[in-house]
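Examination of the molecular architecture
Spelled out from the first residue to the last, the chains are:
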Amino acid sequence: MKRNIIAGLAVIFLLSSCDNNKKMLNTLADYNNSKETKGYHFGDQLNFPKEVTDNAETITISFGDNETSNLTVDPKFFTLGDNEVTLIIKTKSGETLNQDATINVFAKNPEQNISYNIIADYPHDPNNFVEGFLMEGNTVYESDGLDGSSQLIKYTLGSATPSITEKQPADVFSEGCAIVGDKIYQLTYKNKIGFIYDKNSLKKISQFPLPNVIGEGWGLTYDGKNLVATDGSKNIYFLDVNDPSKVVRTLAVAGHTETYDKLNELEYHDGFIYSNVWHNPIILKINPATGEAVGKFDFTKLTAENDQGNSEHVLNGIAFKGNNMLITGKNWAKIYEISVK
């Protein structure tokens, strides 16, 4: 009889413990969901619900290869934007519970909405699926994508006819490009390689493998020290210009209330990185020291006027003519020159 009573009590304890654990995880999931939109800033504390902390011996945050029991949003572990983590809870009853969570970290200051005036427009070949776009002097250098029609071209601003065209092999999808001295560096979309050309003749000099961390080549610019690349994520990669297969630094980007991924065509100008966001008619102005989006241009109206109803004809081209910005897009018939108000 005594044995049966003990067994019954054990079952009750086990059921009660399972029920408590389930409640803890449900409470934690609800809390995580409620915090995703509001997010955190660096230095904030992760204040988990009392129902969790009262029953937890320890709470550890796992980032895959790294773990911490410090419940502060520390840039040593977290990046701006979304952080996919696992919360590991060791309960006071000796059990271990795991809960996946997304912890969004935002910039502390709101990004400025940057006003502008359109002061000129220039012809652009609407057949060009623009992936890379830059200007030096009065010459535009452009990398156009799509399998079978990728090319690197140069032309004088105001003329839609290239002075030189370098066609890519049919299996190459061209992406972003950047000038470094007398060379042009160019990424490819899924070929996992980049090319180096002579700037004057556009003749190919060599090629290099993309770093393993870069799954796809998207945007490219040069900040005077490093090549700066995107791969369609929230990250910007600083590459060794003498060995572009080597990542020097990785920077994640976010705004005050938004995470930004799909960072695309890039341009570096006057201490800031400017980035298109794929399928979004905006250009971000990014602090390259922190990854914070400090400003944002809204080109919704221009995009609607130039995409011909095709959702793939997105805003995607940033260059500078002095302090004025030149913008264009995939298969757009115009290049616009804007001045910042």
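Note that the structure is a prediction, hence the values are computed from the model and not measured.

Rules and cut-offs
Residues numbered from 1 in each chain as written. Predicted model: local features only at pLDDT ≥ 70, side-chain atom pairs only at ≥ 80, totals over all residues. Heavy atoms only, no water. pLDDT = per-residue confidence, 0-100. Contact = heavy atoms within 4.5 Å. Helix = DSSP H or I, 4+ residues; strand = E, 2+ residues; numbered from the N terminus. Polar contact = N/O pair within 3.5 Å; in protein donor to acceptor, adjacent residues only side chain to side chain. Buried < 20%, exposed > 50% of the residue type's maximum accessible area, 1.4 Å probe, protein only. Phe/Tyr/Trp six-rings, centres within 6.5 Å; stacked < 30°, edge-to-face > 60°. Lys NZ or Arg CZ within 6 Å of the ring centre and 35° of its normal.

Focus on the confidence of the model for the protein
The predicted coordinates should not be examined in detail at positions where pLDDT is low. For the protein, per-residue confidence averages 92 on the pLDDT scale, and 95% of positions sit at 70 or higher. Residue range residues 2-16 is modelled with pLDDT below 50. Its contacts to residues more than four positions away, or to other chains, number zero contacts.

Remarks on the side chain of Thr68
Residue position: Thr68 is located in strand E2 (residues 67-68). Within the structure, the side chain of Thr68 is placed 3.0 Å from the backbone nitrogen of Asn70, a separation counted as a polar contact. Apart from residues lying up to four places away in sequence, Thr68 is in contact with Ile59, Thr60, Ile61, Phe63 and Phe77.

Quick notes on the environment of Asn47
Following the sequence through the fold, Asn47 ends up in the loop between helix H1 (2-38) and helix H2 (50-53). The exposure class of Asn47 is exposed, given its relative accessible area of 54%. Asn47 sits 213 residues away from Tyr260 along the chain, and the two C-alpha atoms are 25 Å apart.

Structural notes on the packing of aromatic side chains
Going through the model one piece at a time under the given rule, you end up with 14 aromatic pairs. Consider the rings of Phe129 and Phe173, whose centres lie 6.5 Å apart with planes at 80°: the pair is edge-to-face. Here Phe129, found in the loop between strand E6 (116-123) and strand E7 (130-136), pairs with Phe173, found in the loop between strand E10 (164-167) and strand E11 (174-180); they are 44 residues apart in sequence, far enough to count as distant. This pair shows no difference in class: Phe129 is buried, exactly as Phe173 is. Measuring from ring centre to ring centre gives 6.3 Å for Tyr185 and Phe208, while their planes differ by 50°; the resulting arrangement is tilted. Of this pair, Tyr185 sits in strand E12 (residues 183-188) while Phe208 is found in strand E14 (residues 204-209), placing the two residues 23 residues apart along the sequence. Each member of the pair, Tyr185 as well as Phe208, is classed as buried. One aromatic cluster is present, built from ring pairs that chain together Tyr116, Tyr274, Phe297, Phe299 and Phe320. Here the guanidinium or amino end of Arg249 rests over the ring plane of Phe238, the centre of that ring lying 4.1 Å away. One cation-aromatic arrangement involves Lys285 over Phe272; the distance from NZ or CZ to the ring centre is 4.4 Å.

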